[in-house]
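Residues per chain, in single letters:
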Amino acid sequence: MQPATMKYKSQGVAKYYFVAALALFVGQIVFGISLGLQYVIGDFLFPYIPFNQARMVHTNLLIVWLLFGFMGSAYYLVPEESETELWSPKLALALFWIFLVAGALTIVGYLAVPYAKLAELTGNELLQTMGREFLEQPLPTKVGIVIVALGFLLNIAMTVLKGRKTSITLVLLMGLTGLALLFLFSFYNPKNLVQDKMAWWWVVHLWVEGVWELILASLLAFVLIKTTGVDREVIDKWMYLIIAMALITGILGTGHHYYFIGLPGYWQWIGSVFSALEPIPFFMMTVFAFNMVQRRRREHPNQAAVLWAVGTSVLGFLGAGLWGFIHTLSPVNYYTHGTQVTAAHGHLAFYGAYVLVVITMISYAMPIMRGREANPKRAQSVEMWSFWIMTLGMAVMVLALTGAGILQVWLQRLPTSGALGFMATQDQLAFFYWLRIAGGLGFLVGLITYLASFFVGETAAERAAVGAGAGPLASPASPVRGA
Amino acid sequence: MARNIFYGGTVFFVLVFIALVTDSAGHIPKRSNAAALTPAVERGKTIWETRNCIGCHTLLGEGAYFAPELGNVVPRRGAEFVKAWMKAQPTGVPGRRQMPQFHLNEQQLDDLVQFLDWSSKINTEKWPPNIEG
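Rules used in this analysis
Residues numbered from 1 in each chain as written. Chains lettered and ligands numbered in written order. Predicted model: local features only at pLDDT ≥ 70, side-chain atom pairs only at ≥ 80, totals over all residues. Heavy atoms only, no water. Patch = residues over 30% accessible without salt bridge, like charges linked within 9 Å, V, L, I, M, F, W, Y side chains within 5 Å. Areas by Shrake-Rupley, 256 points an atom, 1.4 Å probe, with all protein chains shown as cover. Salt bridge = Lys/Arg side-chain N within 4 Å of Asp/Glu carboxyl O. Helix = DSSP H or I, 4+ residues; strand = E, 2+ residues; numbered from the N terminus. 1 Å grid on protein atoms, 1.4 Å probe; cavity = no way out; pocket = protein on both sides within 12 Å on 5 of 7 lines; lining within 4 Å. Points joined across faces, edges and corners; volume = space filled by probe spheres on them. Nonpolar A, V, L, I, M, F, W, Y, C, P; charged D, E, K, R; others polar. Buried < 20%, exposed > 50% of the residue type's maximum accessible area, 1.4 Å probe, protein only. pLDDT = per-residue confidence, 0-100. Contact = heavy atoms within 4.5 Å. Buried area = accessible area lost by both parts, 1.4 Å probe.

### A look at a nonpolar patch on the surface
- Taken together, W269, V273, L277 and I280 of chain A make up a surface patch of nonpolar side chains, about 400 Å² in accessible area.
- Here W269 of chain A lies in helix α9 (residues 266-276).

Here you go:
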């Protein structure tokens, strides 16, 4: 493989973030499988790890590892785009260790002591913020997240300011700033449950269906510029149109969470109309990725990265777009709200949009940080296999959960008299829950395959070819599978 | 052009969203019967949060999908049943889902039930479709 080095030495800090992200990802999946098992073997791990504790670990690890992934991506991307070294690599490294230790301590806290005890130990009574879904972190962790985010934004913003300003860095910076600002609402917990729920979505929805999409679009645009060689002007225009549609539909799309939590009925109209349009930016992203790959002006040797990029656009559309659409209209959501249909959508959307875009960045950047333009063919082949295995595992899970959700609605929600109770319904869903576990195990196999690809070296023939002076461009790169 | 659509569209819809949310906030006192939001209900919400109930249950359809909806549990089961149920946990039935024992005292149980009872009277546009939640 062609040797290559990072254009800017400070980009190397990204490696720490990527390694940590992947390690936490493994933890997330292991806990996910234990949760899946508890759905069918109710007392599995009880009383050592009750469901709620395992679930906090599962969802919080997801958020934290994606944040590691976003930060690592920014540290890699921004110096290259800005054509200057990072403002302070030392700060980036210090924040890395602070975030990692704080994150690890929080997870230990979730597992080691009862949640009420954790709340007491960490001063929850000073400002009550704990115990709301996804925002379960103790107060010191939340404060720590704010400090890390501020330091990170400072570092990135100073780098952008002293260097070249591109649309990609601007959009990325807006996304990351929005992420940090919206997190501040996690400190706002009104006593009135309806107000509390309304404001809670300003963090949760406006993250994943708002500012995170800016991060997603800019990372995808960066990798597509690098791997296809298509003109920046073309890619910038697509990126702006995609994020314009994302926010135009996504902001009022928040309304699809306001149907049944005590807010006025007009949200049923607003939420239905605007969230029904939310698949549009994701569809545009799919068209964009395929178009750029078709119009490519070079054969980049890292075809695995291209597969992840195209995969992000397709699975983001299916998960966030299609699976969101199936239950977003208020007359449908009236029956599916709070069922396994929501779980199906959540899993595929996070995987398709955010997990895959982080892996896309890692797949593109990691070989360069390891001193080569792309991984050996054999390693890329393992990586591509891992994409298909993970995606297939996820597909099985999502179809199983969708089946479970539909049956749940049929038994528990639709009947006007004689509806089955919650637990009686759950007993009827066991087949789907077992199938979900099979999908989850498949996903874990895919993830292990992915990690293994980092350790696959080149074949003897490839080594000989490089030794003889034949670069990777001498042999046509393998066509992108799935493109 | 594309960039201006982004900036213009974002600013416009952020403003519309703020206007709508402000209007909604004005409706909350009446729709949630805020007059009945007593200190006991407030304390009950804190119990709800610090025991991480949302990690298994849903409340008005939001939360985890492992255990029953509790937004209407008081009308469904009655206040006394809820308290007795919590005291009897875990059931220890092999293979069944288990709820931890939270060691709440009588006052805390009452507060929690007050909170759930208040929650059941929020105007949720007739959700859930039936009493099973």
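### Observations regarding empty space enclosed by the protein
Residues and elements named next belong to chain A.
- Counted according to the given criterion, the structure contains five cavities of 30 Å³ or more.
- The calculated volume of the largest cavity comes to roughly 150 Å³.
- The element contributing the most residues to the lining of the largest cavity is helix α7 (residues 193-228), with four residues.
- In terms of residue class, the lining of the largest cavity is made up of five nonpolar, two polar and seven charged.
- Around the second largest cavity, the lining comprises 10 residues; the ones closest to its centre are T227, V293, R296, Q303 and V306.
- Among the elements of the structure, α7 and α11 (303-325) are those that each provide at least two residues to the lining of the second largest cavity.

### Digging into the pattern of salt bridges
- Taken as a whole and judged by the stated rule, the model has 21 salt bridges over all chains.
- Between R132 of chain A and D196 of chain A there is a salt bridge; the shortest N-O distance is 3.1 Å. Of this pair, R132 of chain A sits in the loop between α4 (115-121) and α5 (139-162) while D196 of chain A sits in helix α7, and the two are 64 residues apart along the sequence.
- The class for R132 of chain A is buried, based on a relative accessible area of 5%.
- The partner of K197 of chain A in a salt bridge is E62 of chain B, with the nearest N and O atoms 2.9 Å apart. On the criterion of chain membership, the pair formed by K197 of chain A in helix α7 and E62 of chain B in strand β2 (residues 62-63) is interchain, its members lying in two chains.
- The class of K197 of chain A is buried, set by a relative accessible area of 6%.
- Overlapping salt bridges, with partners in common, bring together E80, K83, K87, E106 and D110 of chain B in one network.

### Some details on unusual backbone geometry
All names here are of chain B.
- Following Q89, the chain continues into P90 via a peptide bond in cis, with omega recorded as -10°.
- Structurally, P90 is set in the loop between α4 (79-87) and α5 (106-120).
- The step from W127 to P128 runs through a cis peptide bond, and the omega angle for that step is -5°.
- In this fold, P128 is placed in the segment after α5.
- Despite not being glycine, L60 shows a phi value in the positive range, around 55°.
- Of note, L60 is situated in the loop between β1 (58-59) and β2.

### Some remarks on the confidence of the model for chain A
- Predicted confidence across chain A gives a mean pLDDT of 95, with 96% of residues reaching 70 or more.
- Within the model, the stretch residues 469-483 of chain A combines pLDDT values under 50 with 23 contacts to residues more than four positions away or in other chains.

### Side note on the interface of chain A and chain B
- Listed by partner, the interface residues are 81 residues for chain A and 66 residues for chain B.
- Carbon and sulfur atoms make up 65% of the area that chain A and chain B hide from each other, which totals about 6,100 Å².
- Our count for the contact surface shared by chain A and chain B stands at three salt bridges.
- Examining the composition of the side of chain A that touches chain B, we find that 10 residues originate from one element, α7 of chain A, more than from any other.
- Partitioned by chemical class, the residues of the side of chain A that touches chain B number 48 nonpolar, 22 polar and 11 charged.

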